[in-house]
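Geometric and topological summary
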Amino acid sequence: MHAFKIPESVDAMHRKHLQEIPDQTSNVTTSFTWGWDSSKTSELLTGMGVSALEKEEVDSENIPQELLSNLGHPQSPTRKRLKSKGNDKDFVIIRRPKLNRESFPGVSWDSLPDELLLGIFSCLCLPELLRVSSVCKRWYHLAFDESLWQTLDLTGKNLHPDAIGRLLSRGVVAFSCPRSFVDQPLVEQFSPFRVQHMDLSNSVINVLTLQDIMSLCSKLQNLSLEGLQLSDPVVNNLSQNSNLVRLNLSGCSGFSESALETLLSSCSRLDELNLSWCFDFTEKHVQVAVAHVSETVTQLNLSGYRKNLQRSDVSTLIGRCPNLVNLDLSDSIMINHDCFPEFYQLNYLQHLSLSRCYDIIPETLLELGEIPTLKTLQVFGIVPDGTLQLLQEALPHLQINCSYFTTIARPTIGAKSNPEIWGIRCRLTLQKPSCL
């Protein structure tokens, strides 16, 4: 068989028109031309079953241009389309350069360690964190790392209960959700929550939804349900939290004295308890409260019970809780001067509130100055302004009427905008952090 030999003159002519093509790893844009009659290009492509494409600009593999301009090597030449000298008579081929990641150190997010990415993610608000979780599998696992979900603040939002369940299932420890609206029952099944500090004060929550949420909480240490409608099942679910230290049920309603007894008997570590102004509290409720409250309580609020709090109840309470430091019995018209000897037995009493206990004669308040540990005395409504000044002069070591509101077991002290609950700042919120 004879090998086909190209004439030397023809081969030399082709080499003359063909320009050198660089290595594929080069970032230099190159073109080459053939000596070809452009009028035959369309005919040739049609015969091959190929349609001619319009010319398009060279892109950069979807890498942001500003990132390339900032991090690109200064030695790298600018990629430009080489123009032919002829007027569309030359067939032009442009090869898109393939970017080499190694030539751009630090550009790839994949090269960042998990610890650094977690630090970056910790600066994001909740919507942004959920958004980045959809980037890739690695970011999804990092975005839901427990270290980012320790504290969560959803104050004043309209929430679906299943959304709350999914979020709390991420390992949330401190959950702030006061003044929110949750009016549907839970549909999904969730594993027990690990939340330890929860504030649902003054929210609108369906009783069955609240029951489902409380049934999944067994590690609570601080809880505020102020102003909520409860039920016996809800209160019974609360009793499984034996480690409760602060409990705020101020303004709650809907539970019986038997459920209250079960709750107080189970919570043997309580330090602060707020049972003030519970709407449907009867005299029996008050008797159960003073008889079964934990002996460890140092701060107690039983204000607002008018005729339902008797002197005998005060005697029972002080005999059971000798370590009281802060006691609020305001708005109890059955308390009078005869109860003062009971207060003398409290060796650690520092703060006493007897506001609007109208049966107390103002002049008898001087006797309370004999309590050596007492620091503040709230007697709003029973001491006229003129008498108040005389009382302050007679008891200079006491701060009288210095606080309008009680702080016992309440999660937030001061303005509503305070992002802390029981001294814990909730980092993950729906808004961007103020520091950014």
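This one's a predicted model, so the numbers in the text were calculated from it and none came from an experiment.

1. Points about the confidence of the model for the protein chain
On average, residues of the protein chain carry a pLDDT of 80, and 73% of them reach 70 or more. Low confidence marks residues 54-80, where pLDDT is under 50. Its contacts with residues over four positions away, or in another chain, come to 33 contacts.

2. Things to note about the sheet that holds strand β13 (residues 399-400)
Read across the open sheet, the 12 strands follow the order β13-β12-β11-β10-β9-β8-β7-β6-β4-β2-β1-β16; overall the sheet is parallel. Two strands close off the open sheet at either side, each with one partner strand: β13 and β16 (428-429). Direction of pairing for strand β1 (residues 151-153) relative to β16: parallel, over a ladder of 2 bridges. Within β16, the position partnered with Leu-152 by the bridge is Leu-428.

3. Brief notes about unusual backbone geometry
One non-glycine residue with positive phi stands out, namely Arg-306, at about 45°. Looking at where Arg-306 falls in the secondary structure, it is placed in the loop between β9 (299-301) and α12 (311-320). Judged by relative accessible area, which is 39%, Arg-306 ranks as partly exposed. The phi dihedral of Arg-356 is positive, around 60°, even though this residue is not glycine.

4. Quick notes on the environment of Leu-327
Relative to the helices and strands, Leu-327 resides in strand β10 (residues 326-328). A relative accessible area of 0% places Leu-327 in the buried class. For the pair Leu-327 and Ser-303, spaced 24 residues apart in the sequence, the C-alpha separation amounts to 9.3 Å. Those residues in contact with Leu-327, other than ones at most four positions away along the chain, are Leu-300, Leu-317, Phe-343, Leu-346, Leu-349, His-351, Leu-352 and Ser-353.

5. Topic: the packing of aromatic side chains
In total, this model carries 8 aromatic pairs according to the counting rule given. Consider the rings of Phe-121 and Trp-139, whose centres lie 5.4 Å apart with planes at 75°: the pair is edge-to-face. Of this pair, Phe-121 sits in helix α4 (residues 114-121) while Trp-139 is found in helix α6 (residues 137-143), placing the two residues 18 residues apart along the sequence. Judged on exposure class, the residue Phe-121 and its partner Trp-139 are both buried. Between Phe-255 and Phe-281, the aromatic rings sit 5.8 Å apart at their centres with planes inclined by 75°, giving edge-to-face as the arrangement. A residue pair is termed long-range when its members are at least 10 positions apart, and Phe-255 in the loop between β7 (246-248) and α10 (257-266) and Phe-281 in the loop between β8 (272-274) and α11 (283-292) qualify at 26 residues.

6. Concerning the pattern of salt bridges
Side chains carrying opposite charge are able to pair once their charged atoms draw close together. Counted under the stated rule, the structure contains 5 salt bridges. As a salt-bridge pair, Glu-226 and Arg-410 come within 3.0 Å of each other at their nearest N and O atoms. Taken together, the positions of Glu-226 in the loop between β6 (222-224) and α9 (232-238) and Arg-410 in the loop between β13 and β14 (420-421) put the pair 184 residues apart, joining distant regions of the chain. What makes Glu-226 buried here is its relative accessible area of 14%. You can call Arg-410 partly exposed: its relative accessible area is 23%. Residue Arg-356 is joined to Asp-331 by a salt bridge in which the shortest nitrogen-to-oxygen separation is 2.7 Å. Here Asp-331 lies in the loop between β10 and α13 (340-343) and Arg-356 lies in the loop between β11 (351-353) and β12 (376-378), a separation of 25 residues in the sequence. When its relative accessible area of 3% is taken as the criterion, Asp-331 is described as buried.

7. Some thoughts on α12
Within α12, burial applies to Asp-313, Val-314, Leu-317 and Ile-318. Mapping the buried residues of α12 onto a view down its axis gives an arc of 130°, with all of them on the same face. Structurally, α12 contributes buried residues whose contacts are with α11, β9, β10 and α13.

The rules we used
- All residue numbers refer to position in the chain's written sequence, counted from 1.
- Where local features are concerned, this predicted model is filtered to residues with pLDDT of at least 70; where side-chain atom pairs are given and counted, the filter is 80 or more; whole-chain, interface and lining totals use all residues.
- Each side-chain value is worked out from all heavy atoms of the structure, with water and hydrogens disregarded.
- A residue's pLDDT is the predictor's confidence in that residue, given on a scale from 0 to 100.
- Contacts: residue pairs with any heavy atoms within 4.5 Å of one another.
- The pairing criterion is simple: DSSP has to find at least two bridges between the two strands.
- A run of DSSP states H or I qualifies as a helix once it reaches four residues; a run of E qualifies as a strand once it reaches two. Both are numbered from the N-terminal end.
- Throughout, exposure labels follow a simple rule: accessible area from a 1.4 Å probe, protein chains only, divided by the maximum for the residue type, with under 20% read as buried, over 50% as exposed, and the rest as partly exposed.
- A pair of Phe, Tyr and Trp rings is counted when the ring centres sit within 6.5 Å of each other, with Trp represented by its six-membered ring. The angle between the planes then sorts it: under 30 degrees is stacked, over 60 is edge-to-face, the rest tilted.
- Criterion for a salt bridge: a side-chain nitrogen of Lys or Arg within 4 Å of a carboxyl oxygen of Asp or Glu.
- The arc in question is traced by the directions running from the helix axis to the C-beta atoms.

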